[in-house]
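Structure assessment
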Amino acid sequence: MKRILTFALALLLTLSLFAQGSKKPVIGISSGWGEGSSTQAPLTYVESVIRAGGVPMVIPLTQDPDLLAAMLDRVDAVIMTGGEDIDPLKWYGEQPVNEMGSIVPQRDSFDIALIRMAVGRNMPLLGICRGHQLLNVAFGGTLYQDIPSQVKGSTVKHNQKAPRYYGTHTINIEKGSLLYQQIGLEQVAVNSFHHQAVKDVAPGFKATAHSVDGVIEAIEKEGSNRIYSVQFHPEGFTASNIDTFIGIFKHLIKEANAYRAENK
Ligand code: MN
């Protein structure tokens, strides 16, 4: 009898652990684009989601809105990843400057559709680098196409050669902002791998962190605690087991759980 009881207890424990495991929220990671490959995302994003307690799933590029909707039905939050420059003419009505980098039109349209659909559902969304710039552009904001030639008086190097887990310039964070709540610091050194930046912040959004030359390094949707983005690469730290920025991902996981509970 005692043995049966022990067995039943062990079974119950195993089942409850299994159920707990399946409760982890699924975090969709926007795919990059490569010749002949629709699905690719740097492992640093994948590892950051895992370390923060989520299940990573890469969302492949598609231009089909019904398919995109069906894919979003299966995730609880999304991360918009870094990458190429955004076509200025198509998405914010500016002629390209000479210093503009490479653009990928099919990735632009996929990313913008994904962002608008996710935000329309009030699904938690974290934008990183290109994803941060896209979030701004998707809701009517504009960009500097090239910081060195367009941001007057910029004295900070935003395209570092140091490793991705290493912060090279300071940002000042608004107290009370989501980013401040997530990492608990008003000032921190971040990595920097960009030459574009948010210029005019989209209506309904606010800038919450700046580098010392005034470049916007974080925005969030006003009145929301689940739509936010950063110019730097927190996953570069988190994937190297440096926990300064892991709160950015843990917050997304928390909101993803809330989103899933609301949409059951
Ligand atoms: Mn920077």
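What to know about the pairing of strand β6 (residues 169–173)
The side-chain alternation of β6 yields one buried face, formed by H169, I171 and I173, and one unburied face, formed by T170 and N172. One ladder, built from 4 bridges, connects β6 with strand β7 (residues 187–190); its direction is antiparallel. Pairing of N172 across the sheet is with Q187, part of β7. Of the strand pairs in this sheet, β6 and strand β9 (residues 205–211) are connected by 3 bridges, and their pairing is antiparallel. Paired with I171 across the two strands is S211, which belongs to β9.

Regarding helix α2 (residues 43–52)
Along α2, the positions that sit buried rather than exposed are Y45, V46, S48, V49 and A52. For α2, the angular spread of the buried residues around the axis is 165°, confining them to a single face. Its buried side turned inward, α2 meets β1 (26–30), β2 (55–59), β3 (77–80), β4 (125–128), α9 (234–238) and α10 (246–262). G53 sits one or two residues past α2 and shows a positive phi near 105°.

Some details on the environment of F193
On the secondary structure map, F193 appears in the loop between β7 and β8 (197–198). Taking relative accessible area as the criterion, F193 reaches 22% and is therefore assigned partly exposed. Counting along the chain gives 55 residues from F193 to A138, while the straight-line C-alpha distance between them is 21 Å. Beyond its immediate sequence surroundings of up to four residues, F193 is in contact with C129, H158, N159, Q160, A162, P163, R164 and H233.

A look at the coordination of the manganese ion
Taken together, the protein donors to the manganese ion comprise H158 (ND1), H169 (NE2), S192 (OG), H194 (NE2) and E217 (OE), at separations of 2.2 to 2.4 Å. Here the donor residues of the manganese ion are spaced in sequence according to H-x10-H-x22-S-x1-H-x22-E. Taken together, the residues span a long stretch of sequence, with H169 in strand β6 and S192 in the loop between β7 and β8 at a distance of 23 residues. Classification of H169 by relative accessible area gives buried; the value is 6%. By relative accessible area, which is 0% here, S192 ends up buried.

Rules used in this analysis
Residues numbered from 1 in each chain as written. Predicted model: local features only at pLDDT ≥ 70, side-chain atom pairs only at ≥ 80, totals over all residues. Heavy atoms only, no water. Buried < 20%, exposed > 50% of the residue type's maximum accessible area, 1.4 Å probe, protein only. Helix = DSSP H or I, 4+ residues; strand = E, 2+ residues; numbered from the N terminus. Pairing = 2+ DSSP bridges. Arc of directions from axis to C-beta. Contact = heavy atoms within 4.5 Å. Donors = N, O, S within 2.8 Å, 3.2 Å for Na, K, Ca; no water.

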